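Below, each chain spelled out in residue letters.
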Amino acid sequence: MHEVSVNQTIKDYLTGKEIELTTFEDIRQALAKMLVEEKGYPKKYIVPKEQIELILEDEIFPITLDFVVYDEQKNPLLLLAFCFGEIASFVRQYIAVARLHVPFIPLILLTDTKDAYLIQSGDKKVLQRGYFGIPTYQELKELAKKAPSFSLDEKKKKAETCLAHAYFALSGPCCSATGTCDK
């Protein structure tokens, strides 16, 4: 299943800007609202639709991340992604992207709206499963401090880039490359 435009716009919960409504955007909006209103995440530290560029064989492949959550010093804490289908099949691609993000993102939260996985990207450890495992903003900052880091030499960087590209090419939504969906 791919994300498609429904040829309408909605007001983004985080930015207040008009954005394209897609088959998955209402879910992303609900996730943002839950983070802010139930878990205490400051809106100003949640960046929606952040772009990351994968460079492979001198070609650039842009990927749009659903949300990246930062701390007060602008350090990334969490990559949050909505995944359609079995969450376990998306874990490795988001670990690769979190490792490639500059700076490195220590935690990943993946959800299909039925379940959620909180994962350390450095060691691939699943810390929690289920919605009760979604940390508050204060808990997130503590978890990020304790999470193992991951460094990339050129060989690891190429491997993570190849892996991320392959997974996103096969399973990513249609708007992952451009930030907008096919109409």
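Per-chain numbering applies: the sequence of each chain, read as written, is numbered from 1 onward. At least 70 in pLDDT is required for a residue's local features to be given in this predicted model, at least 80 for side-chain atom pairs to be given and counted, and no such filter applies to totals for whole chains, interfaces and linings, which use all residues. In computing side-chain values, all of the structure's heavy atoms are included and hydrogens and water are not.

K.L.:
Mind laying out the packing of aromatic side chains, listing which residues take part and the relevant values?
P.N.:
Both the distance between ring centres and the angle between the ring planes are used here to describe each pair of aromatic rings. To pair, rings of Phe, Tyr and Trp, with the six-membered ring standing in for Trp, must have centres within 6.5 Å; the planes then decide the type, stacked if under 30 degrees apart, edge-to-face if over 60, and tilted in the middle. On inspection of all chains with the given rule, the structure shows 4 aromatic pairs. Taken together, a centroid distance of 6.2 Å and an interplanar angle of 10 degrees make the contact between Tyr45 and Tyr137 stacked. With a gap of 92 residues between them, Tyr45 in the loop between helix H1 (25–37) and strand S3 (46–56) and Tyr137 in helix H3 (residues 137–146) connect regions that are remote in the sequence. This pair shows no difference in class: Tyr45 is buried, exactly as Tyr137 is. Only DSSP runs of H or I covering at least 4 residues are called helices, and only runs of E covering at least 2 are called strands; the numbering of each starts at the N terminus. Any residue under 20% of the maximum accessible area for its type is buried, any over 50% is exposed, and the rest in between are partly exposed; the area is computed with a 1.4 Å probe on protein chains only.

K.L.:
So what about the environment of Pro76? Which residues, and what values?
P.N.:
Here Pro76 lies in strand S5 (residues 76–82). Note: C-alpha distance between Pro76 and Ile105 (29 residues apart in sequence) is 5.4 Å.

K.L.:
An account of the environment of Gly133 is requested, with residue identities and associated values reported.
P.N.:
With respect to the helices and strands, Gly133 occurs in the loop between strand S8 (126–129) and H3. On the basis of relative accessible area, Gly133 is assigned to the buried category, the value being 11%. Throughout, a residue-residue contact means that at least one pair of heavy atoms, one from each residue, lies within 4.5 Å. Beyond its immediate sequence surroundings of up to four residues, Gly133 is in contact with Leu118 and Gln128.

K.L.:
Hey, could you go over the confidence of the model for the protein for me, with residue numbers and the actual values?
P.N.:
Values of pLDDT, the confidence the predictor places in each residue, fall between 0 and 100. Per-residue confidence for the protein gives a mean pLDDT of 88, with 88% of residues at or over 70. The spread of mean pLDDT over the elements of the protein runs between strand S2 (residues 18–22), the lowest at 74, and H3, the highest at 98.

K.L.:
I'd like a rundown of helix H2 (residues 91–100), residues and numbers included.
P.N.:
By the criterion of burial, H2 is predominantly enclosed, with 10 of the 10 residues buried. Within H2 the residues assigned to the buried category are Val91, Arg92, Gln93, Tyr94, Ile95, Ala96, Val97, Ala98, Arg99 and Leu100.

K.L.:
Outline the pairing of S5, listing residues and values.
P.N.:
Across the 7 residues of S5, 7 count as buried, placing the element largely inside the fold. Judged from the 4 bridges that link them, strand S4 (residues 59–70) and S5 form a sheet pairing that is antiparallel. Bridging across to S5, Val69 finds its partner in Leu78. Any two strands with at least two DSSP bridges between them are considered paired. Between S4 and S5, which pair antiparallel and follow one another directly, the connecting turn spans 5 residues, one of which, Lys74, has a positive phi of 70 degrees. Inspection of the sheet shows S5 paired to strand S6 (residues 107–111) by 5 bridges, in the parallel sense. Within the sheet, the bridge partner assigned to Ala81 lies in S6 and is Leu110. Place the viewer so that the strands point away; then a crossover is right-handed whenever the path from the first strand over the helix to the second strand goes clockwise. Since S5 and S6 lie parallel, the crossover through H2 that links them has a hand, and here it is right-handed.

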